Amino acid sequence: DSGVTQTPKHLITATGQRVTLRCSPRSGDLSVYWYQQSLDQGLQFLIQYYNGEERAKGNILERFSAQQFPDLHSELNLSSLELGDSALYFCASSPRQGRETQYFGPGTRLLVL
Amino acid sequence: QQQVKQSPQSLIVQKGGISIINCAYENTAFDYFPWYQQFPGKGPALLIAIRPDVSEKKEGRFTISFNKSAKQFSLHIMDSQPGDSATYFCAASGGRNTPLVFGKGTRLSVIA
């Protein structure tokens, strides 16, 4: 158990809908990272927050947004969902930022029908 | 743009054998190279990491070899066991606010 929690574990929704994925980092970790994992693309970095501020952005679509709240939990919002958004979404956390171990949560499996 | 190329995509090794997974990168600013292990239904977990000031790092049965001039690094799993069956990801990062770039993963199966 990494100490990172993600909810929900599974999510099934329809195209065009909007969903919110939630992540609670390990106690004391200030950085939160979001990744998308699909079969053909591996682990794709989406976005990083550090202590409430956005610090790095990766291949995140404009339909997706995220935020980190004062209690350091983070939410990833996915809107206007398409079939291709079906994937595993992982949240990871680390104490600070940069070259250090990232602790991954168990992931949220999203299926868009 | 794939900045870290990982091979092979899948690997089958006999129990007790050596598993070797290779990664290559292009960005010379990368200076942190971790390997993550992922079991089915779980998130990736850090296995071992290396910085370019050393050419090799060993932790138990797991060894990272690093070749800075060739911009390549590899993971060797000695005496591979069925419990090592998992997907392995190499990754690289090059700065304080530079996110990890992951390879596409290698699915390892260790058969008895």
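To start, this report covers the structure provided alongside it. (Residues numbered from 1 in each chain as written. Chains lettered and ligands numbered in written order. Predicted model: local features only at pLDDT ≥ 70, side-chain atom pairs only at ≥ 80, totals over all residues. Heavy atoms only, no water.)

### Some details on the overall build of chain B
When you go through chain B residue by residue, the secondary structure sums to zero helices and eleven strands. Against the 2.2 N^0.38 benchmark of 13 Å for 112 residues, chain B shows a C-alpha radius of gyration of 13 Å, consistent with a compact globule. Along the longest, intermediate and shortest principal axes, the C-alpha atoms of chain B span 40 × 30 × 20 Å. In chain B, which comprises 112 residues, the proportion classed as buried is 46%. Counting only contacts in chain B whose residues sit at least 6 apart along the sequence, the fraction spanning at least 24 positions is 54%. Here chain B displays about 5,500 Å² of accessible surface, and carbon together with sulfur accounts for 49% of that area. Of the side-chain charges in chain B, 12 are positive and 7 negative, and the distance between the mean point of each set is 6 Å. (Helix = DSSP H or I, 4+ residues; strand = E, 2+ residues; numbered from the N terminus. Rg over C-alpha atoms; globule rule 2.2 N^0.38 Å. Buried < 20%, exposed > 50% of the residue type's maximum accessible area, 1.4 Å probe, protein only. Contact = heavy atoms within 4.5 Å. Areas by Shrake-Rupley, 256 points an atom, 1.4 Å probe, with all protein chains shown as cover. Lys, Arg positive; Asp, Glu negative; His and termini not counted. Charge placed at Lys NZ, Arg CZ, Asp CG, Glu CD.)

### Structural notes on the environment of Thr-101 of chain A
With respect to the helices and strands, Thr-101 of chain A occurs in the loop between strand S9 (87–94) and strand S10 (103–104). For Thr-101 of chain A, the contacting residues outside a window of four places in its chain are Ser-93, Ser-94 and Pro-95 of chain A together with Tyr-32, Tyr-36 and Leu-46 of chain B.

### Remarks on the packing of aromatic side chains
Applying the stated criterion across every chain, the model contains 16 aromatic pairs over all chains. The interplanar angle of 70 degrees and the centroid separation of 5.7 Å between the aromatic rings of Trp-35 of chain B and Phe-73 of chain B together place this pair among those described as edge-to-face. One end of the pair, Trp-35 of chain B, is in strand S4 (residues 33–38); the other, Phe-73 of chain B, is in strand S8 (residues 72–77), and 38 residues separate them in sequence. Joined through ring pairs, the aromatic side chains of Tyr-35, Phe-45, Phe-90 and Phe-104 of chain A together with Tyr-36, Phe-89 and Phe-102 of chain B make up one cluster. For the cation-ring pair, Arg-26 of chain A lies above Tyr-103 of chain A, with the distance from its terminal atom to the ring centre recorded as 3.6 Å. (Phe/Tyr/Trp six-rings, centres within 6.5 Å; stacked < 30°, edge-to-face > 60°. Lys NZ or Arg CZ within 6 Å of the ring centre and 35° of its normal.)

### Examining the pattern of salt bridges
Scanning the entire structure with this criterion turns up eight salt bridges over all chains. Its salt-bridge partner being Glu-59 of chain B, residue Lys-57 of chain B comes within 3.7 Å of it at the nearest N-O pair. Salt-bridge contacts for Asp-84 of chain B lead to Arg-61 of chain B; the nearest nitrogen and oxygen are separated by 2.8 Å. Of the two residues, Asp-84 of chain B sits in the loop between S8 and strand S9 (86–92) while Arg-61 of chain B sits in the loop between strand S6 (56–59) and strand S7 (62–67), which places them 23 residues apart along the sequence. Residues joined in a network through salt bridges with shared partners are Arg-63, Glu-82 and Asp-85 of chain A. (Salt bridge = Lys/Arg side-chain N within 4 Å of Asp/Glu carboxyl O.)

### Some details on the sheet that holds strand S1 (residues 5–7) of chain A
Residue and element names in this part refer to chain A. Pairing within the open sheet is antiparallel, and its four strands lie in the order S1-S3-S8-S7. The sheet terminates laterally at S1 and strand S7 (64–68), the two strands that pair on one side only. The sheet shows a mean angle of 15 degrees between the axes of neighbouring strands, taken without regard to direction. By the bridge criterion, five bridges tie strand S3 (residues 19–24) to strand S8 (residues 74–78) in an arrangement that is antiparallel. Bridge assignment links Val-19 to a residue of S8, and that residue is Leu-78. (Pairing = 2+ DSSP bridges. Axes fitted to C-alpha atoms, helices over the stretch in contact; angles between N-to-C directions.)

### What about the nonpolar core?
By size, the foremost hydrophobic cluster in this structure holds 25 residues, and its most contacted members are Phe-33, Trp-35, Phe-73, Leu-75 and Tyr-88 of chain B. Examining the composition of this core, we find that four residues originate from one element, S9 of chain B, more than from any other. Each residue touching Tyr-88 of chain B, except ones within four places of it in the same chain, is listed here: Gln-6, Ile-21, Tyr-36, Gln-37, Leu-47, Phe-62, Leu-75, Ile-77, Gly-105, Thr-106 and Leu-108 of chain B. Listed in part, the 21 residues of the second largest apolar core include Ile-60, Leu-76, Ala-87 and Cys-91 of chain A. (Core = buried A, V, L, I, M, F, W, Y, C linked by side-chain atoms within 4.5 Å.)

### Some remarks on the interface of chain B and chain A
Each partner contributes to the interface: chain B provides 19 residues, whereas chain A provides 19 residues. At the junction of chain B and chain A, the tally comes to zero salt bridges. For the pair chain B and chain A, the number of links is two residue pairs in polar contact (both at pLDDT 80 or more). Of the residues contributing to the side of chain B that touches chain A, the split by class is eight nonpolar, six polar and five charged. (Polar contact = N/O pair within 3.5 Å; in protein donor to acceptor, adjacent residues only side chain to side chain. Nonpolar A, V, L, I, M, F, W, Y, C, P; charged D, E, K, R; others polar.)

Just distances and angles here, no functional claims.
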